[in-house]
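Residue-level structural notes
Single-letter residue listing:
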Amino acid sequence: MIKFDKPQKSEYPQIVNLVNNADQIYLNIFSPQEFKEYDCASESIDNLIKGEKSREYLCAYNENGAIIGYSSFRLKNPQTVWLSMIYIDPKYQKKGFGSIFLNKIEEFAKKLNALVLVLETDQKAVWATNFYKKNNYQILSDEDLKKYPFDKVLEKNQVEGRYIFGKKL
């Protein structure tokens, strides 16, 4: 049974370890220099504290109360929730926990009256793109991003080599 809750500050070290350990997979697609440039495995307690004012945090806990997942998201505008990150402890991946967690974030976004949940991921991160596609997210084209309800997602052009995924809620 998975429980979801906002983390306590005392749990921030566990979150930092989870995120930074899970980010190691990016060494399979990025050079060490790119890994550093893209700030992979660079989560910190200070960053979590700074983010408290502008983001929501949600953790997934296993039956023993250990953190097995972490997410950060924010209401970007009245119709859009932006998912900044979602991580599942590698020991719990490929068991459906990521989909359950993503559904919980979608429920949270609906409570905020958002119309869409969106995120960005690297095109080389095939595991991530497959995960979002499996969970009925679509890759948004420039044309999609001009149409309601995705029209307020970006204020600038898409970043080359990245996908914007979105789902209507």
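Up top is the structure.
Brief notes about the overall build of the protein
- Along its length, the protein carries five helices and seven strands.
- Reading the protein from its N terminus to its C terminus gives the helix and strand order β-α-α-α-β-β-β-α-β-α-β-β.
- The C-alpha atoms of the protein give 16 Å as radius of gyration, which agrees with the globular expectation for 169 residues (15 Å, within 12%).
- C-alpha extents for the protein along the principal axes are approximately 45 × 40 × 30 Å.
- Residues counted as buried form 45% of the 169 residues belonging to the protein.

Quick notes on the side chain of D23
- Secondary-structure assignment places D23 in the loop between α1 (12-22) and α2 (32-37).
- Despite its burial, D23 remains without a salt bridge, the nearest opposite charge being carried by R162 at 9.7 Å.
- Sequence-distant contacts of D23, that is, excluding residues within four places in its chain, are made with F35, D39, C40, A41 and Y87.

Brief notes about the packing of helix α4 (residues 97-111) against helix α5 (residues 126-134)
- Where α4 contacts α5, the two axes come as close as 11 Å, and the packing angle between them is 60°. One way to sum up the angle between α4 and α5 is to call them oblique. Remark: the crossing between α4 and α5 carries right-handed chirality. Residues G98, S99 and L102 of α4 form the contact with α5, whose participating residues are F131, Y132 and K134.
- For the contact of α4 with α5, the class distribution of residues is three nonpolar, two polar and one charged.

Describing the pattern of salt bridges
- This structure, assessed with the given rule, holds eight salt bridges.
- A salt bridge links K6 to E56; the shortest N-O distance between them is 2.8 Å. On the criterion of sequence distance, the pair formed by K6 in the loop between β1 (3-5) and α1 and E56 in strand β2 (residues 56-61) is long-range, its members being 50 residues apart.
- A relative accessible area of 25% places E56 in the partly exposed class.
- Here K76 and E155 are joined by a salt bridge, their closest N and O atoms 3.7 Å apart. Taken together, the residues K76 in strand β3 (residues 67-77) and E155 in the loop between β6 (138-139) and β7 (162-168) connect sequence positions 79 residues apart.
- Here the salt bridges do not stand alone but share partners, grouping E120, D122 and R162 into one network.

Some thoughts on unusual backbone geometry
- A cis geometry characterises the amide bond from Y148 onward to P149, with omega recorded as 5°.
- One non-glycine residue, N136, lies in positive phi territory at about 65°.
- Inspection of the secondary structure assignment puts N136 in the loop between α5 and β6.

Observations regarding the nonpolar core
- With 28 residues, the main nonpolar core has L83, F101, L102, I105 and Y132 as its most contacted residues.
- If you list the elements that add at least two residues to this core, you get β2, β3, β4 (80-88), α4, β5 (116-122) and α5.
- The contacts of Y132, once residues within four sequence positions are left out, are L83, I86, L102, L119, Y137 and F165.
- Of all hydrophobic cores here, the second largest spans 14 residues; its members include V16, C59, I67 and Y87.

Digging into the pairing of β4
- By the criterion of burial, β4 is predominantly enclosed, with eight of the nine residues buried.
- In the sheet, β3 pairs with β4 via eight bridges, with the strands oriented antiparallel. The residue bridging G69 from the neighbouring strand is I88, located in β4.
- Linkage of β3 to β4, two consecutive antiparallel strands, is achieved through a turn of two residues.
- Bridge count for β4 against β5 is four bridges, and the pairing is parallel. Within β5, the position partnered with V81 by the bridge is L117.

Calculation notes
Residues numbered from 1 in each chain as written. Predicted model: local features only at pLDDT ≥ 70, side-chain atom pairs only at ≥ 80, totals over all residues. Heavy atoms only, no water. Helix = DSSP H or I, 4+ residues; strand = E, 2+ residues; numbered from the N terminus. Rg over C-alpha atoms; globule rule 2.2 N^0.38 Å. Buried < 20%, exposed > 50% of the residue type's maximum accessible area, 1.4 Å probe, protein only. Lys, Arg positive; Asp, Glu negative; His and termini not counted. Salt bridge = Lys/Arg side-chain N within 4 Å of Asp/Glu carboxyl O. Contact = heavy atoms within 4.5 Å. Axes fitted to C-alpha atoms, helices over the stretch in contact; angles between N-to-C directions. Parallel < 35°, antiparallel > 145°, perpendicular 65-115°, else oblique. Left-handed = near helix turned anticlockwise from the far one by under 90°. Nonpolar A, V, L, I, M, F, W, Y, C, P; charged D, E, K, R; others polar. Core = buried A, V, L, I, M, F, W, Y, C linked by side-chain atoms within 4.5 Å. Pairing = 2+ DSSP bridges.

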